[in-house]
Amino acid sequence: MNNIVRVATCLLLCLVTTTGPLLAADRTDELKQEMWSSSDKDFKVVVIPDKWKDKSAVIIARLNRFEYRKQAMAALLNINQYNHYRIRLNDKNAVNEYAEISFKSGDKGRARVYVGFKVIKPNGREIIVDPATAVTMERKGSDGYAYKKIAIPNLEPGDILDYYICEEEERLITSLIEFFDPIIHNLRQEYPVMKQKLQFKVQRRCYINLRSINGAPELKLVTDEEKDEQYYSLEDGDRDGIAEMKWLYPNRDVPTVKFRAAYASNKGINSYDVLLGEQGEVKSKVTADELAEVSNTMLKMSALYAYNTANKYLKKNYKGPTDNFSVAKAGYYYNRHELLGKSETLTLQNENLPTEREMNFIASFSTFLKDEDIPHDIVVAVARRISSVDDVIFESELDYLIRVRQGKDFLYFSPYSIYTVPGAIPSSLQGADAYAFDGLTKASRWVPQRTTLPAFTKDDNVNGTTMTVKLSPDLQHATLNVRRSVMGVEKPYDQYRLLDVYDAIEEDNKSYAAYEYEYPSKKKKEYMALQQAYQQNRSKTKTDALKDMIADDYEFKADDPTDLTILQTGRSDKDPAMIYSFTFGTDELVKKTGPNYLVDIGKLIEGQVSIEKAELTRDQNIYFDNARSFRYTITLEIPEGYQVQGLDKLNSRVENAVGGFTSTAKEENGKVVIETYKHYDVTYASKNEWPNIVAFVNAAHNFTGQKILLKKK
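In this text, all values refer to a predicted model and were calculated from it rather than measured experimentally.

Q: Any chance you could explain helix 6 (residues 310-317) here in plain terms?
A: What helix 6 keeps buried is the set Ala310, Asn311 and Leu314. Projected onto a plane normal to the axis of helix 6, the buried residues spread over an arc of 95 degrees and lie on a single side. Residues of helix 6 that are exposed and point over 90 degrees away from its buried face: Lys312, Lys315 and Lys316. The inward-facing, buried residues of helix 6 contact helix 7 (324-337) and helix 9 (358-371).

Structural data, given as structure tokens:
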């Protein structure tokens with residue numbers, strides 16, 4: 001920053017400091033006038049269409065305006081948001097939802113927040129809520145800001161709530177490129193929308209990425225002659241509501257606008273290729289060559305932090321097969337092993353286990369593969385819930401994998417944690433279109449190759465449970481012995497709860513030199529105490545985690561589990577399943593009815609999702625995170641002196657193109673044996689397939705309500 005800019009910045013900061021309160025008061029009045037006394041007729045409407053009178057609420061009008069500007073002669077950026085809503089509340093659910101509203105307090109950095117809330121009664125009387133009644137919330141938001149909440153008193157069905165929340169922030173420029181938060185705006189909201197306006201105003205050396213997808217209208221460049229300025233605007237309306245819906249990816253299926261502004265100095269734009277177009281001009285399309293360029297840029301930046309010692313280790317110690325896949329796996333497992341120290345430190349600090357940063361992983365593992373002369377690709381894709389790769393306009397939408405080639409076969413590698421294995425692909429990327437770049441070729445010569453990532457099947461993602469049930473002599477208590485095997489994308493859920501770094505250390509010690517923890521500098525005594533405390537509570541910590549899992553899975557109260565045993569960790573691609581066993585009991589499975597007993601046998605397959613009556617009609621496509629299957633085998637010992645009735649109701653079969661649920665029940669050798677199989681065969685289904693999904697999903701849910709009778713002989 002040159003001296004003139006430094007002086008200008010200091011003068012400006014001093015001016016703002018001394019005049020801030022006065023300017024804030026003036027700005028409060030200005031925004032109140034702009035929001036509530038404007039000529040915008042949409043915010044004067046009080047009548048809603050008859051077709052939406054049975055909806056919980058109707059958005060009469062909404063305005064979302066975003067402004068970005070680099071200040072002249074100062075290293076400062078202005079980032080402003082103006083949000084205005086006018087909502088008709090039709091029932092008590094809507095009243096309860098809007099009885100309290102939270103907003104940023106404006107106390108972080110150089111940010112100010114201006115708010116206004118008023119209620120319009122059916123007779124036209126307006127009640128303005130004093131913003132001073134807002135109270136500061138105890139916890140800060142995930143964005144680091146403190147928040148306030150304000151109560152909207154005396155709301156009733158039939159009221160109109162008209163409110164605005166405006167945020168204005170000055171931010172010091174601290175890097176060559178400043179990216180503002182991306183805006184992804186779905187035109188369909190929870191409630192029907194009569195009118196909505198979306199506006200972006202970008203000025204002075206800022207760059208614009210903007211794309212309308214899924215049938216959303218294009219934004220238009222509007223010229224305001226009076227203010228001598230231009231901005232991009234979309235005016236839209238008459239959109240039906242889209243209530244919270246199961247298995248929906250709104251950004252893939254709902255008309256959506258994606259936008260992001262950025263500021264870049266000349267040096268920044270010349271040094272880094274990060275999908276920026278020309279100053280002041282909209283960039284709405286990214287080519288495959290541009291994806292190659294931005295990938296190279298990100299890779300070069302990450303190469304500075306890439307760390308790899310696998311080549312040296314393998315050269316000295318590896319005696320296994322020398323094919324591409326085997327050597328790549330060996331390098332991957334060794335690098336994963338190197339995470340143990342960091343993982344133990346974070347465990348002792350009660351923090352989450354680490355996963356290698358994506359681009360650091362790509363840079364370091366690609367370097368390892370190059371040194372081993374192993375053909376491989378750097379693969380760039382976009383999570384299925386975010387976008388198609390053809391609709392990318394932000395580099396932050398991109399995810400990366402390594403793909404090793406062996407003849408015509410591929411093996412994929414993703415950033416390692418202490419639980420990941422070669423061949424695993426995050427479920428968010430399975431089946432996604434992608435581009436591959438040859439990792440052995442100079443990036444300047446990359447030729448993008450279009451590809452589709454593999455999508456694992458229901459047979460790859462399997463959750464299998466075997467359970468034996470024994471009733472107490474008085475038939476009031478049931479003891480359940482459970483053995484569970486989990487493979488594929490469902491596995492990390494169990495691993496992160498029931499395994500820990502010491503399981504990984506114990507297992508890795510069989511393959512590598514005995515692990516020794518390297519204590520943080522000058523903190524050996526402190527961390528030895530932490531290790532001792534952790535080990536003392538380790539068993540209880542795992543049991544408590546299992547207890548929570550049981551509470552989430554089953555729709556009855558359970559005793560604390562016992563006898564948790566890890567039979568297989570699932571940390572090897574040769575033994576990919578995590579397998580464990582445990583025991584727990586319950587008093588809620590059996591109910592006495594006269595001399596007989598009813599057993600809630602259906603509840604033993606865990607709680608099952610159901611499609612309610614209001615959800616039977618659907619106008620959006622269906623997106624599952626992954627194909628998957630669940631198998632249950634339940635064996636109940638029949639108490640002596642009793643016979644079983646009702647097994648016939650446990651036999652069912654619903655199978656179709658998108659999934660299925662099958663259950664069988666039989667009596668053999670004094671036991672009831674029940675087997676169920678539920679499977680989701682696809683990751684995407686058109687809305688026309690919804691009845692098929694409803695059929696097998698509700699069949700599984702209905703099974704949980706089935707009972708059998710133990711009848712006294």
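Q: Quick question: what am I supposed to make of the environment of Gln476 here?
A: With respect to the element layout, Gln476 can be found in the loop between strand 22 (462-471) and strand 23 (478-486). Given a relative accessible area of 34%, Gln476 falls into the partly exposed group. Here the alpha-carbon distance between Gln476 and Arg88, two residues 388 residues apart in the chain, equals 53 Å. What Gln476 contacts, discounting residues up to four positions off in sequence, is Thr586, Asp587, Lys592 and Tyr597.

Q: Looking at this model, I keep getting lost on the nonpolar core. Mind explaining?
A: Within soluble globular proteins, side chains that are nonpolar generally end up buried alongside one another. One finds Val469 and Ile693 to be the most contacted residues of the largest nonpolar core, which totals 118 residues. The biggest single contributor to this core is helix 13 (residues 690-703), with 8 residues. If we skip the residues at most four places from it in the chain, Ile693 touches Trp247, Ile622, Phe624, Val658 and Ala685.

Q: Mind showing me how you'd approach the sheet that holds strand 4 (residues 110-120) here?
A: Either a parallel or an antiparallel arrangement is found when strands of a sheet pair, and the pairing is made through backbone hydrogen bonds. The strand order 5-4-8-2-1-11-14-13 describes an open sheet built from 8 strands, whose pairing is mixed. Only two strands of the sheet have a single partner each, and these edge strands are strand 5 (126-129) and strand 13 (220-224). Here the average twist between neighbouring strands, direction ignored, is 20 degrees.

Q: What exactly am I supposed to notice about unusual backbone geometry here?
A: Keep in mind that most residues, glycine aside, have a negative phi and that most peptide bonds are trans. Despite not being glycine, Trp247 shows a phi value in the positive range, around 55 degrees. A relative accessible area of 18% places Trp247 in the buried class. One non-glycine residue, Asn669, lies in positive phi territory at about 55 degrees. Looking at the secondary structure, you find Asn669 in the loop between strand 32 (659-668) and strand 33 (671-680). With relative accessibility at 74%, the residue Asn669 sits in the exposed group.

Q: What exactly am I supposed to notice about a nonpolar patch on the surface here?
A: There is a patch of nonpolar side chains on the surface, built from Leu176, Tyr272 and Met301 and spanning about 230 Å² of accessible area. By the element assignment, Met301 lies in helix 5 (residues 288-303).

Q: When you look at the pattern of salt bridges in this model, what are you seeing that I'm missing?
A: Working definition: two side chains of opposite charge can pair if their charged atoms are close together. If you walk through the whole model with that rule in mind, you get 41 salt bridges. Taking the shortest distance from any N to any O, the salt bridge between Arg27 and Glu168 comes out at 2.7 Å. Taken together, the positions of Arg27 in helix 1 (residues 3-36) and Glu168 in strand 8 (residues 160-172) put the pair 141 residues apart, joining distant regions of the chain. Across the pair, exposure class does not vary: Arg27 and Glu168 are buried alike. In this structure, the salt-bridge partner of Asp50 is Lys53, at a minimum N-O distance of 2.9 Å. The residues Asp50 and Lys53 share a single accessibility class, namely exposed. Salt bridges here are not isolated pairs; linked through shared partners, they connect Glu34, Arg65, Glu67 and Lys201.

Q: Sorry, what's going on with the side chain of Arg239 here?
A: Within the secondary structure, Arg239 sits in strand 14 (residues 229-239). Exposure remark for Arg239: the relative accessible area of 17% places this residue in the buried category. Aside from chain neighbours lying at most four places away, what touches Arg239 is Trp52, Leu187, Arg188, Pro192, Val193, Gln196, Pro217 and Pro255.

The rules behind each value
- Residues numbered from 1 in each chain as written.
- Predicted model: local features only at pLDDT ≥ 70, side-chain atom pairs only at ≥ 80, totals over all residues.
- Heavy atoms only, no water.
- Buried < 20%, exposed > 50% of the residue type's maximum accessible area, 1.4 Å probe, protein only.
- Helix = DSSP H or I, 4+ residues; strand = E, 2+ residues; numbered from the N terminus.
- Arc of directions from axis to C-beta.
- Contact = heavy atoms within 4.5 Å.
- Core = buried A, V, L, I, M, F, W, Y, C linked by side-chain atoms within 4.5 Å.
- Pairing = 2+ DSSP bridges.
- Axes fitted to C-alpha atoms, helices over the stretch in contact; angles between N-to-C directions.
- Patch = residues over 30% accessible without salt bridge, like charges linked within 9 Å, V, L, I, M, F, W, Y side chains within 5 Å.
- Areas by Shrake-Rupley, 256 points an atom, 1.4 Å probe, with all protein chains shown as cover.
- Salt bridge = Lys/Arg side-chain N within 4 Å of Asp/Glu carboxyl O.

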